Amino acid sequence: MKSFPLLAALLLGSTAGAAEPPTPLDTLVVTGQREATRIGRLPEAVIVIDRQEIAASAAGSVAELLRSRAGVEVLDFFGDGSRATVGLRGFGANAVSNTLVLLDGRPLNNPDIGSPNLGRIRLENIERIEILHGGGALYGDQAVGGVIHIITRRHEPGAADISLGGGSYSRRGVHASVTRQAAGVTLQLDAHHLDTANYRDHNALTRSGAELALSGQAGPVRWQVGGEYGDEDLETPGALFAEELREDRRQSAADFSGDFSRLITLDRQASADWAIGEAWNLHLALARRNGDGRFRLSFRGFASEPADQDRRLDTAQLRLTRRLLLAGREAQLQLGSDLRRARYRLNSQFGPQRNAQTVDAVYLGASLPLAERWDLSLALRHAEAEDRLRDGGDFATVPDGRRIGHHETLGSMGLAWRPWAGFKIFAGWDQVLRYPKVDEYFQSGFTPASFGLEPQTGDSFELGGQFGNAVLSTSLLLFRLDLADEIVFDPGSFTNTNLDASRRSGLLFDTRWSVLPALSLEASYTLVDAELRAGDQRGNAIPLVAEQVARLAADWQTSESWQLRLETQASDRRRLAGDFDNSLAPLPGYAVVNLAVRHRRGAWDLGLRLNNVLDKAYSEQGIEAPGSPDTPAFFPMPEFNVRLSLNWRL
């Protein structure tokens, strides 16, 4: 507890000496209320990773970039971000289904338990990332830990750029974009290609893609349409036993020699914002994502056959916003709906699945000024879900498939107080929800059906503060998240099940200090206690959740054209995935050091990143090996490696 006086001093530090101190809390973000709102009015901590920080990091993937923030957990299987999962508030292996990931407002989460494919998002195309801890009532299904919102760049007409990259493990890539305007319509075209052998044997990755976006304005209506095509081919090396790890960390066991994952995606989206007078705005967004996949996933001593997996996800968002003045201050009211239609097909040797899911929700939101420095936020959501299940087991005995329906109502309330410019204190309560995924009901010939799954619900409580001026910005958040019927995979029965009560509580601390005009220091600390609260496993830790994670970084602008960044990240030990009994030895903690150098000259931007410069041997992912009870298996991360990028912009 000795650190709290210092923490309070950072939060309550004086702003004296600055006549008109910049206030980062005046920054507009769109994630907190689903409409542009100043951070200072939000009863929650919204952390922004801006374009400048993205460029300075020289990160190679979205997952690598997100490691820089308190409370964001990244679990990478191969170290290249291609199969990484990101989460908030300590969900470990289940983060993929408990953190809502958005790209320009539309969900990237899959209808099944597959991770959102963050690897296909180029960092060159990102303007900023907004991280919201919470948001269950406003965003609904899967926003249990919070929301990670990736907002893409819209280049100026006439802009063009090309990036070349290379590095360790035969990595080579190219990315190009061009923006043109004619007759009031702006066209932006992006294309990219990447080849890498990756750190492990039998882990080669080839990824290609292209994106086209058209935007314009017709009277009071701003519109945008676009599409994206992606093709990813990955060899999957599987996990290693401890003795194999000691023998050769880069090897792949013979059992996995034929394993692979091929995924072709096609995204289409359209949106329109209609300004109705000065007070009203109507937002409509439609999106469809098709994913055609083929994969082979083997187990020790069991060589699987290739399987086909097809997904289709349709989403529609409609939101009416009203801005008005209350006692001379702006208030905002929202009425909206989120509609989702998912179709999932899997043909494998375990039997066919033909599952579909419908989720419909309506919500109300309000941001209200209570007094000159006080703001109240309220949200109410009603959601209904229906699953239609057809597979090769019991579900097939029902002519039209088994139908399962659920409905829930959620609420939230938050209060923000700004005692002076650049500082806010907030408190909030938020109800959260996660419906079972379309493949979590699966039944095969040798596993019992899981159609008794209940929706996962819970309550989140927050207390925190944010402070920011030209020299110092700091965020502190205390939280507790109580869940009922948490949905997890049980490796013992090879089924999905509802846990008894579980709880996550902790502290998130994030700060940036401009020591000198050319030197800034960053620090973040995450403390999470994630445990089961009832049943035979009461008191056991949730697998793959580190109790403590810390990070320190320094940015030094050595001259107008040179920038140096040094960072170290440390993580506490974690229980292996699937080990809810806490009977296996935990995955050891680790600390890594990274160095990034950036040089800018005119239209040229050169980036060099040295990862794991101390050559630390560690694993982020460890599991209780399927088919080998009580045997740990590991996914080793890369040792020292280098990445170089060169960008030219017109």
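A brief look at the structure comes next. It should be emphasised that the depicted structure is a prediction, and the values quoted were computed from it without experimental measurement.

### Overview of the overall build of the chain
Secondary structure assignment for the chain yields five helices and 36 strands. For 650 residues, the compact-globule formula gives about 26 Å, and the C-alpha radius of gyration of the chain, at 24 Å, lands near that figure. Each principal axis of the C-alpha atoms in the chain carries an extent, and together these give about 70 × 60 × 50 Å. Looking at the chain as a whole, 54% of its 650 residues qualify as buried. The contacts of the chain with a sequence gap of at least 6 include a subset with a gap of at least 24, amounting to 63%.

### A few points about the pairing of strand 12 (residues 185-196)
Examined bridge by bridge, strand 11 (residues 171-182) and strand 12 share 11 bridges and lie antiparallel to one another. Within strand 12, the residue paired with Gly-173 across the bridge is Leu-194. Counting the residues that bridge the hairpin from strand 11 to strand 12 gives two residues, and of these Ala-183 lies at a positive phi of roughly 55°. Across 11 bridges, strand 12 lies against strand 13 (residues 205-218) in antiparallel orientation. If you follow His-193 over to strand 13, its bridge partner there is Ser-208.

### Some thoughts on the sheet that holds strand 34 (residues 619-624)
One open sheet holds the three strands; their spatial order is 15-35-34, and the pairing between them is antiparallel. Strands with a single pairing partner mark the edges of an open sheet, and in this sheet they are strand 15 (240-241) and strand 34. With two bridges connecting them, strand 15 and strand 35 (residues 632-636) associate as antiparallel partners. By the bridge assignment for strand 35, Phe-241 is matched with Ala-633.

### Digging into the packing of aromatic side chains
Tallied over the full model, the rule gives nine aromatic pairs. Ring geometry for Phe-77 against Phe-635: centres 4.8 Å apart, planes inclined by 90°, an arrangement best described as edge-to-face. Placement of Phe-77 in the loop between strand 4 (72-75) and strand 5 (85-88) and of Phe-635 in strand 35 is noted, with a sequence separation of 558 residues between them. According to the relative accessible area criterion, Phe-77 is partly exposed, its value standing at 24%. In this structure Phe-635 comes out as buried when scored by relative accessible area, which is 8%. Ring-pair connections join several aromatic residues into one group, and the members of that group are Phe-77, Phe-78 and Phe-635. Sitting over the ring of Phe-241, Arg-300 keeps its end group 4.2 Å from the ring centre. The positively charged end of Arg-504 is found above the aromatic ring belonging to Phe-91, 4.0 Å away from the centroid.

Procedures and definitions
- Residues numbered from 1 in each chain as written.
- Predicted model: local features only at pLDDT ≥ 70, side-chain atom pairs only at ≥ 80, totals over all residues.
- Heavy atoms only, no water.
- Helix = DSSP H or I, 4+ residues; strand = E, 2+ residues; numbered from the N terminus.
- Rg over C-alpha atoms; globule rule 2.2 N^0.38 Å.
- Buried < 20%, exposed > 50% of the residue type's maximum accessible area, 1.4 Å probe, protein only.
- Contact = heavy atoms within 4.5 Å.
- Pairing = 2+ DSSP bridges.
- Phe/Tyr/Trp six-rings, centres within 6.5 Å; stacked < 30°, edge-to-face > 60°.
- Lys NZ or Arg CZ within 6 Å of the ring centre and 35° of its normal.

Coordinates in, geometry out; function isn't part of it.
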